[in-house]
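# Understanding the architecture of this molecule
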Amino acid sequence: SVAAFAAVGVGLAATVPCLFSLTGRLVPEGRAAALGTVSAVGGVPRIILPWVFGLLAQQASLPAVFLACAVTCGGTLALVLATYRRVAAQAHAAL
């Protein structure tokens, strides 16, 4: 629905600039490469996952898609937190 697309747009409008800013602060010596990596890693799932979730909805059910979305979001959050902690520890050790 239109409201769902608007909600996604508002969420991404707040999240993407914060992610780019955080990337620039965590990797000051290689900002360009880091931003390129973040853009690629963040952009590819937005292209592929709607297809995957659509196929899952056709083959299984809509609740299975919601479960897959929740698992994907949880795994992504865990990966981001682990990466942030590792990079922050390396930056702290360098000081």
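This report concerns the structure included in the present document. The structure displayed is predicted, hence computed values, not measured ones. Sequence positions are assigned chain by chain, starting from 1 and proceeding in written order. Under the rules for a predicted model, residues below a pLDDT of 70 receive no local features and side-chain atom pairs below 80 are neither given nor counted, while totals for whole chains, interfaces and linings still include all residues. Where side-chain values are given, they derive from all heavy atoms of the structure, hydrogens and water being excluded.

Time to look at the overall build of the protein. Each helix and strand in the protein was counted, giving 3 helices and 0 strands. What you see in the protein, going N to C, is helices and strands ordered as α-α-α. The atom set for the radius of gyration is the C-alpha atoms, and the globule formula is 2.2 Å times the number of residues raised to the power 0.38. Here the C-alpha radius of gyration of the protein, 16 Å, is well above what a compact globule of 95 residues would show, namely 12 Å. The principal-axis extent of the C-alpha atoms belonging to the protein is close to 50 × 25 × 20 Å. For the exposure calls, accessible area comes from a 1.4 Å probe over protein chains only, and a residue counts as buried if that area is under 20% of its type's maximum, exposed if over 50%, partly exposed in between. Looking at the protein as a whole, 8% of its 95 residues qualify as buried. Surface accessibility of the protein: about 7,200 Å² in total, with carbon and sulfur atoms responsible for 76%. The secondary structure listing takes helices from DSSP runs of H or I that are at least 4 residues long and strands from runs of E that are at least 2 residues long, numbered from the N terminus. The Shrake-Rupley method, run with a 1.4 Å probe, gives the accessible areas here. Residue values count only the displayed protein chains as cover.

Further remarks concern the side chain of Thr23. Relative to the elements of secondary structure, Thr23 occurs in helix 1 (residues 2-26). By definition in these notes, contact holds between two residues if any of their heavy atoms fall within 4.5 Å. Leave out the neighbours within four places in its chain, and Thr23 touches Ala34, Leu35 and Val38.

Our focus in this paragraph is the packing of helix 2 (residues 31-59) against helix 3 (residues 62-94). Running from amino to carboxyl end, helix 2 crosses helix 3 at an angle of 145°, the nearest separation of the two axes being 8 Å. Between helix 2, through Leu49, Phe53, Leu56 and Ala57, and helix 3, the contact on the second element is made entirely by Ala64, Val65, Ala68, Cys69 and Thr72. Only Asp, Glu, Lys and Arg are considered charged, only Ala, Val, Leu, Ile, Met, Phe, Trp, Tyr, Cys and Pro nonpolar, and every remaining residue, Gly among them, polar. Grouping the constituent residues of the contact of helix 2 with helix 3 by class yields 8 nonpolar, 1 polar and no charged. Think of each axis as a best-fit line through the C-alpha atoms, taken over the contacting stretch in the case of a helix, with angles from 0 to 180 degrees between the N-to-C directions.

Mapped onto the elements of the fold, Ala33 is located in helix 2. C-alpha separation for the pair Ala33 and Gln90, spaced 57 residues apart in sequence, amounts to 18 Å.

This next bit is on the packing of helix 1 against helix 2. In the contact formed by helix 1 and helix 2, the axes pass within 9 Å of each other and the chain directions differ by 150°. Helix 1 and helix 2 meet at a crossing whose hand is right-handed. Within the contact between the two elements, helix 1 uses Leu12, Val16, Leu19, Phe20, Thr23 and Gly24 and helix 2 uses Arg31, Ala34, Leu35, Val38, Ser39 and Arg46. Residue composition of the contact of helix 1 with helix 2, grouped by class: 7 nonpolar, 3 polar and 2 charged. Crossing handedness is read from the near helix: turned anticlockwise from the far helix by less than a right angle, it gives a left-handed crossing, and turned clockwise, a right-handed one.

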